[in-house]
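Now for the letters of each chain:
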Amino acid sequence: MFKNIRKAGSISSLISKRLNSNTVMSSNLAPLAANKVKITLRPEAERNQPIKNEDLVFGKYFTNHMLTINWDDKQGWHTPEIKPYGNLSLDPSTCVFHYAFELFEGLKAYKSLKNSEDVIMFRPDKNMARMNKSADRICLPTFESEELIKLIQELIKLDKDLIPQGKGYSLYIRPTMIGTSEGLGVHTPDKAMIYVICSPVGPYYKTGFKAVSLEATDYATRAWPGGVGDKKLGANYAPCIKPQLEAAKRGYQQNLWLFGPNKYITEVGTMNVFFAFKNSETGKKELVTAPLDGTILEGVTRDSVLTLCRDNLDPAEWEVNERYLSIDEVKERADKGELIEAFGSGTAAVVSPIKNIGYLGQDINVPLQEGKQSGKLTEDVMNWIADIQYGVVQKENWTKIF
Ligand SMILES: *Cc1c(COP(=O)(O)O)cnc(C)c1O
């Protein structure tokens, strides 16, 4: 391929022209403007009624409306539209279907437990910043974060009666961006679309925590240096299902993704991962998660866990570290009785306790509290975050209430 480009001068000059015109024109393109939104309501008679809390299944039911915003490289962002939830219509040659020009986000809106009229979004600015980084990485257009947050709020307000109420219940919001250029050439998309859909969801674990078992996976790699594992690109997810099925055959629910010759722990399934140790000589405890070196998705929950633990834990008792941690260190310290907790973190479950890890044909067991499905810190972290999400505790700049 490179050879062809070098030989065919016309092609490479065409590519550079294209790049130049994009950069020059970008300043004249229309920005994303929430106040221009055009709203078309779904007729009352066709609207979905609220699903009973106990019948909710993650990502199965959707609200009555969706948000769509088109973009093209001549005009920039078009008029945002809120309209009845429904099919998209795209040409089969559209680039998203062939070359995976797709990225997404996942965040939630909660009914306040203090005032049931209030809807709370948790750190949406973090999701918007990450969405823009993902877009930039695959040459899709970036956008004004605040404007998309305003539009999502408009969308949610219309279907407010479908947001389930109660601790553990929320509205899962799925902003998505796709390249919509038609034709089979591989190049910067000249058209794109943002769309946002919303799904009422219940607690990840219906009856309190349920600790999961993991298989330490080194034969398949989720992300690598210089790759795109730190972006929420759809292309990162499909290849991870087969290793999960392999782990399931051996009785494990999720993959603990290892990387490189040192077998560093990176993430679990589609969550970030934390380990807690207690040094048997000094008695000092340490909470550890992998550093953001480009192979780790920058989880909003990860950041929230780190911040709250640094705020709330006594530094005389705890150290909170972002550092490399190998599976061999975990095994060694578990053998010494120094492993005290482990949990995954992500928007869907907030925290997900881990009970054992299959490694080299043996299980590393993670202690749980007597008669419970999690460690003490895992439980505390869950409550600290949930209290903010449901408006019980205020944390400056972490929530948008409307
Ligand atoms: C989305 C995601 C996470 C968690 O991110 P949050 O912002 O906390 O929801 C972690 N790892 C991967 C691979 C993810 O896709």
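All values derive from a computational prediction rather than experimental measurement. (Residues numbered from 1 in each chain as written. Predicted model: local features only at pLDDT ≥ 70, side-chain atom pairs only at ≥ 80, totals over all residues. Heavy atoms only, no water.)

*Asks:* Before we move on, could you go through the overall build of the protein and cite the residues and values that matter?
*Replies:* In terms of helices and strands, the protein carries nine helices and 19 strands. A compact globule built from 402 residues should have a C-alpha radius of gyration of about 21 Å, and the protein, at 23 Å, falls within 12% of that. Dimensions along the principal axes, computed over C-alpha positions, put the protein at roughly 65 × 60 × 40 Å. For the protein, the proportion of its 402 residues judged to be buried stands at 48%. (Helix = DSSP H or I, 4+ residues; strand = E, 2+ residues; numbered from the N terminus. Rg over C-alpha atoms; globule rule 2.2 N^0.38 Å. Buried < 20%, exposed > 50% of the residue type's maximum accessible area, 1.4 Å probe, protein only.)

*Asks:* An account of a nonpolar patch on the surface is needed here, citing residue identities and associated values.
*Replies:* A cluster of nonpolar residues, Tyr99, Leu184 and Val186, forms a patch on the protein surface that exposes about 300 Å² of accessible area. Mapped onto the fold, Leu184 is located in the loop between strand E8 (170–179) and strand E9 (191–201). (Patch = residues over 30% accessible without salt bridge, like charges linked within 9 Å, V, L, I, M, F, W, Y side chains within 5 Å. Areas by Shrake-Rupley, 256 points an atom, 1.4 Å probe, with all protein chains shown as cover. Salt bridge = Lys/Arg side-chain N within 4 Å of Asp/Glu carboxyl O.)

*Asks:* An account of the packing of helix H7 (residues 300–312) against helix H9 (residues 376–389) is needed here, citing residue identities and associated values.
*Replies:* The geometry of H7 relative to H9 is characterised by a closest axis approach of 10 Å and an angle of 105 degrees between their N-to-C directions. Overall, the two elements H7 and H9 adopt an arrangement that is roughly perpendicular. In this structure, H7 uses Thr301, Ser304, Val305, Leu308, Cys309 and Asn312 to contact H9, whose residues at the interface are Leu377, Val381, Trp384, Ile385 and Ile388. Considered class by class, the residues forming the contact of H7 with H9 number eight nonpolar, three polar and no charged. (Axes fitted to C-alpha atoms, helices over the stretch in contact; angles between N-to-C directions. Parallel < 35°, antiparallel > 145°, perpendicular 65-115°, else oblique. Contact = heavy atoms within 4.5 Å. Nonpolar A, V, L, I, M, F, W, Y, C, P; charged D, E, K, R; others polar.)

*Asks:* Explain the pairing of E8 to me, and be specific about the residues and the numbers.
*Replies:* Burial analysis of E8 places nine of its ten residues in the buried class, which makes it a mostly covered element. Taken together, the three bridges between strand E5 (residues 102–104) and E8 define a ladder with antiparallel strand orientation. Counted as the bridge partner of Leu103 is Met177 from E8. With three bridges joining them, strand E6 (residues 107–111) and E8 adopt antiparallel strand pairing. Bridging across to E8, Ala109 finds its partner in Leu171. Relative to E9, E8 runs antiparallel, the two sharing ten bridges. Across the sheet, the residue bridging to Ile178 is Met193, located in E9. (Pairing = 2+ DSSP bridges.)

*Asks:* Go over the domain arrangement of the protein, please, and point to the residues and values.
*Replies:* Segmenting the protein into domains produces domain 1 (22–201) and domain 2 (212–390). Just the C-alpha atoms count here: the centres of domain 1 and domain 2 sit 29 Å apart. Residue-level contacts link 30 residues of domain 1 with 22 residues of domain 2. Buried area between domain 1 and domain 2, summed over both chains or domains, comes out near 2200 Å², and the portion from carbon and sulfur atoms is 60%. Its largest share of buried area at the contact with domain 2, domain 1 owes to Phe104, Phe122 and Arg130, together 28% of the area lost on that side. At the boundary of domain 1 and domain 2, one finds three salt bridges. Measuring nitrogen to oxygen at the nearest pair gives 3.3 Å for the salt bridge that ties Glu298 to Lys133. It is helix H4 (residues 124–137) that provides the largest number of residues to the side of domain 1 that touches domain 2, a total of six residues. Taken together, the residues of the side of domain 1 that touches domain 2 sort by class into twelve nonpolar, seven polar and eleven charged. (Domains from an automatic or database assignment. Buried area = accessible area lost by both parts, 1.4 Å probe.)

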